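Residues per chain are reported as follows:
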Amino acid sequence: MIETKTESSIRKWGRVFTLLLVLLILVFLVSLALGSVRIPLGEVFSFFTGGMEQEIGQKIILDFRIPKALTALLAGSALSISGLQMQTLFRNPLAGPFILGISSGAALGVAMAIFLGVWLGGVVALSGIGRSWLLICTSAIGSFTVLGVVLAASARVRSSISLLIIGLMFGSAVGAVVGILQYFSKAENIAAYVFWSFGSLGSLSWSELYLMIPIVGLSLLGSFFLSKPLNLLLLGDDYAASSGLNLKRSRVLIIINTSLLAGTVTAFCGPIAFVGLAIPHIARMLYNTTNHLLLTPLVMLLGGILLLIFDIIAQLPGLESTLPINAITSIFGAPFVIWLLVRKSHLNYRF
Amino acid sequence: MRGLLLISMVFGGCQLATREPLSGDHQAHATTFTIHTSGSETKVINTQPWPKANEVRAFTVQKPLKRVVCTSTSHLPYFELLGEVDAVVGFPGTQYISSDLFVEKVAKGEIKDLGSSQSLNMELLISLDPDAVIAFDAGGASGSLDQIQQMDIPVIYNSDFLEQTPLGRAEYIKFFGALLGKERKADSIFRAIERRYQMRAQMALNETKRPTILSGTTYGDAWFLPGGKNWSAVFFRDAGGRYLWGDDPSSGWLELSGEAVYEKAHDADYWIGVSTFETRQELLGQDDRYGDFGAFQGDQVFNYHKKKGPSGGYDFFESGYARPDLVLSDLIKILHPHLLPDYETVYFQRIP
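Residues numbered from 1 in each chain as written. Chains lettered and ligands numbered in written order. Predicted model: local features only at pLDDT ≥ 70, side-chain atom pairs only at ≥ 80, totals over all residues. Heavy atoms only, no water.

A. Looking closely at the sheet that holds strand S3 (residues 57-61) of chain B. All names here are of chain B. Spatial strand order, S1-S2-S3: 3 strands in an open sheet with antiparallel pairing. Two strands bound the open sheet, and with one partner strand each, they are strand S1 (33-38) and S3. Pairwise comparison of adjacent strand axes, ignoring direction, gives a mean angle of 20° for this sheet. Bridge count for S1 against strand S2 (residues 41-46) is 6 bridges, and the pairing is antiparallel. Note on S2: the bridge partner recorded for Thr37 is Thr42. Lying on the sheet, helix H7 (residues 172-180) is in contact with S1, S2 and S3; it crosses S1 at an angle near 40°. (Pairing = 2+ DSSP bridges. Helix = DSSP H or I, 4+ residues; strand = E, 2+ residues; numbered from the N terminus. Axes fitted to C-alpha atoms, helices over the stretch in contact; angles between N-to-C directions. Contact = heavy atoms within 4.5 Å.)

B. Region of the structure containing the packing of helix H4 (residues 102-115) of chain A against helix H8 (residues 187-197) of chain A. Residue and element names in this part refer to chain A. The geometry of H4 relative to H8 is characterised by a closest axis approach of 10 Å and an angle of 150° between their N-to-C directions. Taken as axis vectors, H4 and H8 run roughly antiparallel relative to one another. For the crossing formed where H4 meets H8, the hand is right-handed. Residues Ala106, Ala107, Val110, Ala111, Ile114 and Phe115 of H4 form the contact with H8, whose own contacting residues are Asn189, Ile190, Ala192, Tyr193 and Trp196. Considered class by class, the residues forming the contact of H4 with H8 number 10 nonpolar, 1 polar and no charged. (Parallel < 35°, antiparallel > 145°, perpendicular 65-115°, else oblique. Left-handed = near helix turned anticlockwise from the far one by under 90°. Nonpolar A, V, L, I, M, F, W, Y, C, P; charged D, E, K, R; others polar.)

C. Geometry of the pairing of strand S9 (residues 132-135) of chain B. Residue and element names in this part refer to chain B. Here S9 shows a buried face lined by Ala132 and Ile134 and a second buried face lined by Val133 and Ala135. In the sheet, strand S4 (residues 68-70) pairs with S9 via 3 bridges, with the strands oriented parallel. Paired with Val69 across the bridge in S9 is Val133. By the bridge criterion, 3 bridges tie S9 to strand S10 (residues 155-157) in an arrangement that is parallel. Following the sheet pairing, Ile134 is matched in S10 by Ile156. (Buried < 20%, exposed > 50% of the residue type's maximum accessible area, 1.4 Å probe, protein only.)

D. Quick look at the packing of helix H9 (residues 231-238) of chain B against helix H14 (residues 324-335) of chain B. Residues and elements named next belong to chain B. Relative to each other, H9 and H14 sit at 55°, their axes nearing to 9 Å. In this view, H9 runs oblique relative to H14, as classed from their interaxial angle. For the crossing formed where H9 meets H14, the hand is right-handed. Here Phe235, Phe236 and Asp238 of H9 come into contact with H14, specifically with Pro324, Val327, Leu328, Leu331 and Leu335. Residue composition of the contact of H9 with H14, grouped by class: 7 nonpolar, no polar and 1 charged.

E. Examining the interface of chain B and chain A more closely. Tallying the contact residues gives 27 residues for chain B and 29 residues for chain A. For the chain B face of the interface with chain A, the top three residues by lost area are B:Asp221, B:Glu259 and B:Arg289, together amounting to 30%. There are 3 salt bridges connecting chain B and chain A. A salt bridge links A:Lys59 to B:Asp292; the nearest nitrogen and oxygen atoms lie 3.3 Å apart. At the boundary of chain B with chain A, the tally comes to 16 residue pairs in polar contact (both at pLDDT 80 or more). Only strand S13 (222-226), strand S15 (253-257), helix H10 (258-265) and helix H11 (280-286) of chain B provide two or more residues apiece to the side of chain B that touches chain A. Looking at which element gives the most residues to the side of chain B that touches chain A, the answer is H10(B), with 6 residues. Looking at the side of chain B that touches chain A residue by residue, the class counts come to 9 nonpolar, 8 polar and 10 charged. (Buried area = accessible area lost by both parts, 1.4 Å probe. Salt bridge = Lys/Arg side-chain N within 4 Å of Asp/Glu carboxyl O. Polar contact = N/O pair within 3.5 Å; in protein donor to acceptor, adjacent residues only side chain to side chain.)

F. Local environment of unusual backbone geometry. Here the phi dihedral of A:Arg91 falls at roughly 45°; this positive angle occurs in a residue that is not glycine. Counting through the fold element by element, A:Arg91 comes out in the loop between helix H3 (55-89) and H4. Take A:Arg91: its relative accessible area is 24%, and that puts it in the partly exposed class. In the Ramachandran plot, B:Ser275 falls in the positive-phi region, its phi being about 60° despite a non-glycine side chain.

G. Molecular detail of the packing of aromatic side chains. Residue and element names in this part refer to chain B. Here the structure, examined in full by the defined rule, presents 41 aromatic pairs over all chains. Connected via pairs of aromatic rings, a cluster forms that spans Tyr197, Trp231, Phe235, Tyr304, Tyr314, Phe316, Phe317, Tyr321, Tyr347 and Phe348. Lying across the ring of Tyr321, Arg169 places its NZ or CZ 3.6 Å from the centre. (Phe/Tyr/Trp six-rings, centres within 6.5 Å; stacked < 30°, edge-to-face > 60°. Lys NZ or Arg CZ within 6 Å of the ring centre and 35° of its normal.)

H. Inspection of helix H15 (residues 325-343) of chain A at higher detail. All names here are of chain A. Between its first and last C-alpha, H15 extends 27 Å over 19 residues, near the 27 Å set by a 1.5 Å rise per residue. For H15, the principal kink sits at Gly333 and spans about 25°; a proline, Pro335, occurs within the next four residues. For H15, the secondary structure elements touched by its buried residues are H8, helix H13 (275-287) and helix H14 (292-314). (Expected span 1.5 Å × (residues − 1). Bend = angle between axes of the 7 residues up to and from the residue.)

I. Highlighting the pairing of strand S5 (residues 88-91) of chain B. All names here are of chain B. In this structure, S4 lies alongside S5, joined through 2 bridges in parallel fashion. Along S5, the bridge assignment pairs Val68 with Val88. Two strands pair when backbone bridges link them, and S5 and strand S6 (residues 112-113) are joined in this way by 2 bridges, in the parallel orientation. Opposite Gly90, over in S6, you have Lys112 as the bridge partner.

Have a look at this one:
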């Protein structure tokens, strides 16, 4: 009896994952086919078979659409996993990938590069670093500085709640510094900073992707190994410890993994809102599970699929102009989550 | 020094025309202001004081203004052309001024820095006792302007940024001429600029070949470029070029996706106007896809960074609006160099 239950469970989950994988590939291909420039579907297929004649179309797919689709896929997965880990670590359904102040740290790094750029200008010109890499580096430095401080605090603080509050306070303080920098700056710099804060999936070219893909890919792989500790943490700190979990070490590993995921995505794409917070909830509600061994791949696939869909919408296919991704994620995402909540008679999980 | 050069370049092109009659109340090109003279009284009327305004503002010039606070660097060149540099006593953000004459005055303490143009330092403003504040309202909250008026300091609106043609914008020299009591001088300066502009535009019009033009760069996901009726687009057309978005009906800026711009402009002949980039290497540093554009590969990328102020600001955004004849000549020199063989560009230059 137990055997067949396990078998049917495996079969069920096998079906779910296969379906999601197929859906992911489908949405990926659709995002390659749609955009401001009209490229007929047949042409898109012939791109892969190597028979595409139109050179411009080829360039557009290779240099604009594929990088953008890959970015959406990676960012969606990474942010969603990061959100999942934070929600479990802090046992707080309102937690997201940026709760430890990562996006605030990134914002501070970028704000300093943009607003104090005139002092950095000399250094920048000498080093030959391009503007996009400058923003990527300063954003990463900002995130990981805040992370470092939070980790140092986590070593001296017993409960996760205290850590959460420390993260929030840092986020707040750093946000205030950014505000001050903005207040004293010229309009063009403020505009440049605001555009960074809109988040963008399409501004990466292959040279940046060559760095982003390995970092995010390895971190996603690492998050699979954190599923067991995360499952134990759901029981509560004391029960987890009594089950043999090294609390301090797990916390540090989870925080590092989350920061690599969220910090890297924020460095390359700017702060992308909503997905990290909502996708874990969507996964739990749709598939009725809190087991991280299953949730991890679920959330990765769902995150990738949804952000790809949002990006397709943001491209306003057929029109020459585009919308910023952050606008679309919340406008379409929030009603979806509300609909899911209303549909379910009660949430099967509680922290 | 450069101010004298500027003025002599203008007067070099016309006779000392102090006896010519004023061009009258009707402004030939500007649509957002008029000047009404009746007897000895001059009234400066803003027909469109701010964006989407449905009221008109008027200022009666009882005596020429002697102490003025300006709020935008684009106001300053008119003072320089009219020889009224000493009339400016206060300015917000003096570190952004490019003109040498004004920078000198700031250094000597003759022009007070009033903070930011969105929120002027009221105490300093009152202590200056100006005759008027020349302000602009970009459509946001004009709280600080109301405050100034409550202190009995007249606020005169300047909506030159709403003008949609180069000559319309440059005609604002007459606006300042009326305020400073130098109507005749303003008129003759403008006529010289207008004459030179129209002559050169006519030369360019006669060219059969019209090179294609791309403009702008990306901010985040979107490529920002001027709309078809934008001030820049008018220049491209009058200089004998074909701006690839010239048919677009908007006078503001377009935000397009990178692939849309690539599709339309990958083989544009010229790429003119690239924000703050000064070398092609820097452009690649922001996005290496810029290197796929034909204009990039053919070394035909131009920017308006030739003339800079001490703080690194581009003078193009300060004095370019007052000298459309120079901007047009620069563009003609780029697009049709044989038409102006001895001319040297003032604002634009090729980026290496």
